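# Observations on the model geometry
Spelled out, the chains give:
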Amino acid sequence: MTILSNLISGISLGSIYAIIALGYTMVYGIAKMLNFAHGDVIMVGGYLCFCTTSYLGWHPLPAVLLAIVGCTVLGIVVERLAYKPLRSAPSLAVLITAIGVSYFLQNAALLLWGSDPKVFPAFFSFSGQSGVALLGGQLNITYVAMITVTVCLVIMLALTTFTGHTKMGKAMRAVSEDKGAAQLMGIDVNFTISMTFAIGSGLAAIAGVLLCSTYPTLMPTTGSMPGIKAFTAAVFGGIGSTPGALLGGLLLGVIQIFAQAYVSTQLSDAIVFAVLIVVLLVKPTGLLGRQVREKV
Amino acid sequence: MKRKNVCSLVLAAAMMATLAGCGSGGASSAAAASSGSASGSAAASADPIKIGGIGPITGSAAVYGIATRNGAQVAVDEINAMGGMQFELNFQDDEADAEKGVNAYHTLQDWGMQIVYGCTTTGSCVNVAAETNADRYFQLTPSASSTDVTAGKDNVFQVCFTDPGQGTTAADYVAEQGLAKKVAVLYNNGDAYSTGIATAFAAEAAAKGLEVVSNTTFPDDTNTDFSVQLSDAKNNGAELVFMPIYYTPASLVLNQAKSMDYSPIFFGGDGMDGILAMEGFDTSLAEGLMLMTPFNASDAGAADFVAKYEAAYGETPNQFAADGYDCIYAIYAACEKAGITADMSHEDVCEAMIAAFTSSDFSVDGLTGKGMTWGTNGEVSKAPMVVKVENGAYSTM
Amino acid sequence: MEKLKRMAPSTRSSFITYGMVIVAYAVMEALLSGGLLKSSLKGLLVPICAYVVMAVSLNLTVGIMGELSLGHAGFMSVGAFTAVIAAAALESTVTSGPVRLAVSMAIGGVAAGLVSLIVVVPVLRLQGDYLAIVTLAFGEIIKNIINCVYVGLDGEGFHFGMKDAASLGLAADGKMLLQGPMGAVGIQKLSSFTAGFLLILLTLAVALNFIHSRAGRAVMALRDNRIAAESVGISPSRYKMMAFVTSAVLAGLAGGLYAMNFSSILAKKFDFNTSILILVFVVLGGMGNIRGSVIAAAALTVLPELLRDFSDYRMLVYAIVLILVMLFTNNPACKTVFARFKLGSPAKKEAV
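Parameters at a glance
- Residues numbered from 1 in each chain as written.
- Chains lettered and ligands numbered in written order.
- Predicted model: local features only at pLDDT ≥ 70, side-chain atom pairs only at ≥ 80, totals over all residues.
- Helix = DSSP H or I, 4+ residues; strand = E, 2+ residues; numbered from the N terminus.
- Contact = placed C-beta atoms within 7 Å.
- Rg over C-alpha atoms; globule rule 2.2 N^0.38 Å.
- Buried ≥ 20, exposed ≤ 12 C-beta atoms within 10 Å, placed from the backbone.
- Nonpolar A, V, L, I, M, F, W, Y, C, P; charged D, E, K, R; others polar.
- Pairing = 2+ DSSP bridges.
- Axes fitted to C-alpha atoms, helices over the stretch in contact; angles between N-to-C directions.
- Left-handed = near helix turned anticlockwise from the far one by under 90°.

## Notes on the overall build of chain B
When you go through chain B residue by residue, the secondary structure sums to 12 helices and 15 strands. In chain B, once contacts between residues fewer than 6 apart in sequence are set aside, the share between residues at least 24 apart is 69%.

## Describing the overall build of chain C
The helix and strand inventory of chain C stands at 14 helices and five strands. Whereas a compact globule of 352 residues would reach a radius of gyration of roughly 20 Å, chain C reaches 21 Å, a difference of no more than 12%. Expressed as lengths along the three principal axes of its C-alpha atoms, the size of chain C is roughly 65 × 50 × 45 Å. The buried share of chain C, taken over its 352 residues, is 57%. Across chain C, the fraction of contacts at a sequence separation of at least 24, relative to all contacts at a separation of at least 6, is 75%.

## Concerning the interface of chain B and chain A
A common way to express how large an interface is: the accessible area buried when the components associate. Of the residues lining the interface, 30 residues belong to chain B; the matching set on chain A comes to 32 residues. Sorting the residues of the side of chain B that touches chain A by element identifies α2 (62–81), β7 (211–218), α8 (227–235) and α9 (247–259) of chain B as the ones contributing at least two each. Looking at the side of chain B that touches chain A residue by residue, the class counts come to 10 nonpolar, 15 polar and five charged.

## Here's the deal with the sheet that holds strand β6 (residues 182–188) of chain B
Residue and element names in this part refer to chain B. Taken together, seven strands build an open sheet; the order of strands is β7-β6-β8-β9-β10-β14-β15 and the sheet is mixed. The open sheet has two edge strands with one neighbour each: β7 and β15 (393–396). Direction aside, the axes of adjacent strands within the sheet are offset by 25 degrees on average. Taken together, the four bridges between strand β8 (residues 240–243) and strand β9 (residues 265–268) define a ladder with parallel strand orientation.

## A look at the sheet that holds strand β12 (residues 369–374) of chain B
Residue and element names in this part refer to chain B. The three strands are arranged β11-β12-β13 in an open sheet whose pairing can be described as antiparallel. With one partner strand each, in any of the chains shown, β11 (364–366) and β13 (380–381) form the two edges of the open sheet. As paired elements, β11 and β12 share two bridges and run antiparallel to each other. Among the inter-strand pairings, G366 is bridged to a residue of β12, identified as G369.

## Remarks on the pairing of strand β3 (residues 175–179) of chain C
Within a regular beta strand, the side chains point alternately toward one face of the sheet and then the other, so they alternate between its two faces. Residue and element names in this part refer to chain C. Along β3, four of the five residues are buried, which leaves the element largely enclosed by surrounding structure. As judged from the four bridges shared by strand β1 (residues 150–154) and β3, these two strands associate in the antiparallel manner. Looking across to β3, one finds that Y150 is bridged to Q179.

## Remarks on the environment of T52 of chain A
All names here are of chain A. Residue position: T52 is located in helix α2 (residues 38–54). Distance from T52 to V263, taken between C-alpha atoms, is 42 Å for residues 211 residues apart in sequence. Setting aside its immediate chain neighbours within four residues, T52 contacts W58, A63 and L66.

## Some thoughts on the packing of α2 of chain A against helix α8 (residues 189–214) of chain A
Residue and element names in this part refer to chain A. For the pair α2 and α8, interaxial distance at closest approach is 7 Å and the crossing angle is 65 degrees. Relative to α8, the crossing made by α2 is right-handed. The residues of α8 that touch α2, namely those facing H38, V41, I42, M43, G45, G46 and C49, are S201, A204, A205, A207, G208, V209, L211 and C212. Grouping the amino acids of the contact of α2 with α8 by side-chain chemistry returns 10 nonpolar, five polar and no charged.

Next comes the structure, spelled out in C-alpha cells:
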C-alpha cells in the first residue's frame, strides 16, 4: 500500500515537471534554444494569478486566463527584445541572454512583489476537501494531482495535433527541421519562432498555476529549481519530443519519490541524477528522442 | 594584425584604469548611496556612529535579510529621534553568500564603518567574522546562530540562540512537558541552521528517553514535496514532528500533512516564526503548532515596535526584524556604557565594546528577551520561550 | 622558416595575454604596497584570480572542445574541499604557508582530475544538450554528496561518515574538517594574490600550449567537423579526454585557491548558478578566446560590486547590463568593431 501511495505522490510531482517540460521542449524543438528563463515565466504566471484572485477577488477562471494572456505577452516581448536580435548569433549567446532574462525576471519580481513568500489560494478543493480518500483513508489522491495529470495529457494531445495537422504547426516543424529551407518555401521564420515563444509562455502560465496549487508557496525564486528539474525531464524524455517530455517528467517525479522513500532522503537528488546519466548512456538521445543520423 | 594588438593593449589598460579608478572614486558614491538608507534627519549635532549591516537583499534568502535590515532601521530611527547619540546604518547585500558577504564587508570598510551589524545568515557570517576578528571590528549578529560564528572570536556576539542550544532546549521542553514519547525529526540537510538544531535535538532527545522513530531530511533546493518524509513519520507512529526549518517550507509541510490526515504535534524552531504572517496562509493549518521563538508580535511590550514597523514597511515584523531591533539597542546600550564617540577608530570601538558586552553588570531588555547578557564566548543568555498557535495567534506557554 | 612565420601570430597573441596579466599584477601590487587600493577591491583579488582560472579552464571544454558543460563548479567543489582537508592534514608536517597552499591545491587538482575521469565516460558518448545535462547532473551529484559527508581528523588519522559529527567517534583532540551542510570551517587563510597570479600564469601556459599543440589542433578539428577529423585518423576519445581532464584539473586548482581565501566554505556555493556564472564569463569573453575569458571573468566579478550604489536595484541592473552586452556584442554592426578587440565574437562559427 505504501508503494501505491508513493507512486501516486511520484506521479503528481512528475506531472508538474512534465507540464513545465512541455513548454521547454516545445521552444527547444523549434527555436533550438534552451530557454532558461522559462522557469521564471512560470513564477510570473503564478504571481499574476495570485494577485488577481487575492487582491482583486477574481474568480479563478478569469484569473488563470489573464495569467495565460499576461505570460503570452511577456513571452512575445522578451522574445522580441532579447532573443530576436540574436537569431543569427551562436546558440550559446542566446543561452546567456536567456540567463540574463531569468535574473531580470527574478529581481523584478522581488522588487515588485516583495521577498516575503505568498501562499497561493487553494483553487482545487471541493466542499472543504482537497482530495479523495480511498481504501479507508490509506490512499489519498488530491484533486490538484488529478487535474494536473489531466491537463498534462490534454496539452500533450493538443500540441501533437497542433504541430501535426495545422498549417502553423507544419510551419513550426519545417523551421525546426531546416530554417533556411523553410524560408525558401515561403514560411515566415521569425513569425513562427515568435509564435512558438508565445505558446510556450502561455503553457508556462498554466504550469505556474498548477505548480503553485500543488505547492502553494510563491516566491521570486519559485520557478528556478522546478525549471532546472523540468529541463532535466525534457532531456530525459528526449528533448524536442512532446510525448518524451511527459514521460520524462513523470519518470523523474516517480524516481525522486522512490529514491526518498526506499534509499535515502539525503541522497535522493544524487540518485535521480545518477539514474538520468545511466539512461542517457544507454539511450544517448533520451527515451523518445530521435536518433539523428549524421550525413557526411 | 598590428591594430588588433594595439587595441587589446588599450583595452587592457582601460580595464586597469577602471579597476584602479574604483579604488579612488568609490568612496564618495558609497557615502551618497548610504545617505538614502540612513536617517540623519534628526537634529544631529554630533557625527553619527557608522554601523555597517550585512545580509541578503536579493536572492532566495532576501526575506530574512530585509527583515533584519528593516528592524534595525526602525531602532536606528528611534535612537536618532531621541537626540544624543546618533547612528547611521548602511546595509549591504550579500545574497546569503560567503564570498559576497566578505565583499560587502570590504565595501563597508571603505565607507568607514565602526561597528558591524550582521550577517543575517550563518554561512556568510562565519566568513565575515573571521575578517572582523583579524581587522578588529566589533560584530553583533541578529540571526547567524551557528556556534562556528563565535567560536574562537572574542569580538563576535549573537542576539539569537545558538543552534545546538536551541535543539537541546527543545528536546528538554518536549521531554519535561511530556508532549510525546515517539518523535520524528524532519530537517533541511542542505542548511547549516537546520542541521545544527536537528542534530542537537536528536542527541538530547535520546538522552532524555524520547524515541526518535523517524529522522528524515530534504535538500535545500528541492523543498516542495514532503509526502515521503511525512509518511515515514506517520507510519512509525510519531506523536510529535520536530522540524527546525524556515517557515516557507514549513507551510508546505503543514499543508501536505493535512491532505494526508496526519495531525501530530508539530514543533519548530525560531525560523518558523513568520508563518502566520504569510500572505494568504490558512492559519487553521498551523493550529496547535508549537515553536520556540524569542518574539511574539502580539505581546503588549512589542506593540510600539510592531506599529512603527507596519507603518514603515507594510507588514508584521517577525523575529528576524525583532532580533535586528534588539541588536541596535544592544549596540546603543553598550556604546553609552563604553562612551563610544563617532571619532573613535574601529579598533578602539571594538575593545571598548567587548569590555562593555562582557562586563558583569551589562544586560539588555529587548523584544526578544528580558535581561539578555553575554559571556566571553559571544553567546547570548536569555530565557527561551515556547509559543503555541491557538485560534490563529501565538499564545505564550 | 615557413613554419615559424605561420606560428608567429599565435605566439604573439599568447605573449600579449601573458603581458596583460603580468602588467595587471604589477599595477595591483604597486597599488597594494602604496596602500592606494580600497579594501573592497583588495578583497576581490583572490576571487578574481580563481574565476579567471575557472573561465580559462571552462573555455577549454566549451570553446576549444565545443561541448557545453553546465557542471564546471562541481570540479571546483571537489578541488576546494579536497584542498581544505589536505591543508588541515598537512598543518603539522608542512610549516611553510605557501608550500602548504601549493601542495594542497595540487592535491585538490588531482582529485578533481580523478573525478573527471568518471565524468569523461558520458562525455565521450554524448553530444550537445544531452552532454550538457549530464555535466549539470554531475555537478548536482557532487554537491549532494559533499553535503552528506563528514570528515574528522585526530591522532589516528581521518574519520569519514555520512551521518553526523558524533558518529565519527573522534578522539578528544580531534578536529572536524568537513561537517556536511555546515561545510568546512576554520580554514586557514593561505591564499594570496601572488599565489593567484602564479596560478593564472600556470593556467595560461597550460591552456595556450594545449591549444597550439598537436592535441589542441586535433580537438578543434573534432569540434569543427567530427566526421572529417575522424576520417583523417584523429581519435575523438583520446583528445577529448585530454582536454576535459585538463580543464577539470585546472578547475580543481582554482577551487583550492578559492576555498583557502575564506574561513569557511559550503557545498552549496558550488551549485548550478556558479557553473552558469563561469559559462557567462566564457561566452562573453568569446568562445575559444583565452584572453577574452581572462578579461570577462575579471570584469564581471568586479561589476556587481561597482553596482552597489544601486542598492536594491543592483541585481536588476546587473541583469540588464548582461542582456545589453550580449545584444551589442552579437549585433552585426557592433561585431565588426568588437572583432578588432577579439572580444565577444567567437573565432570560428560554432559547429552545428
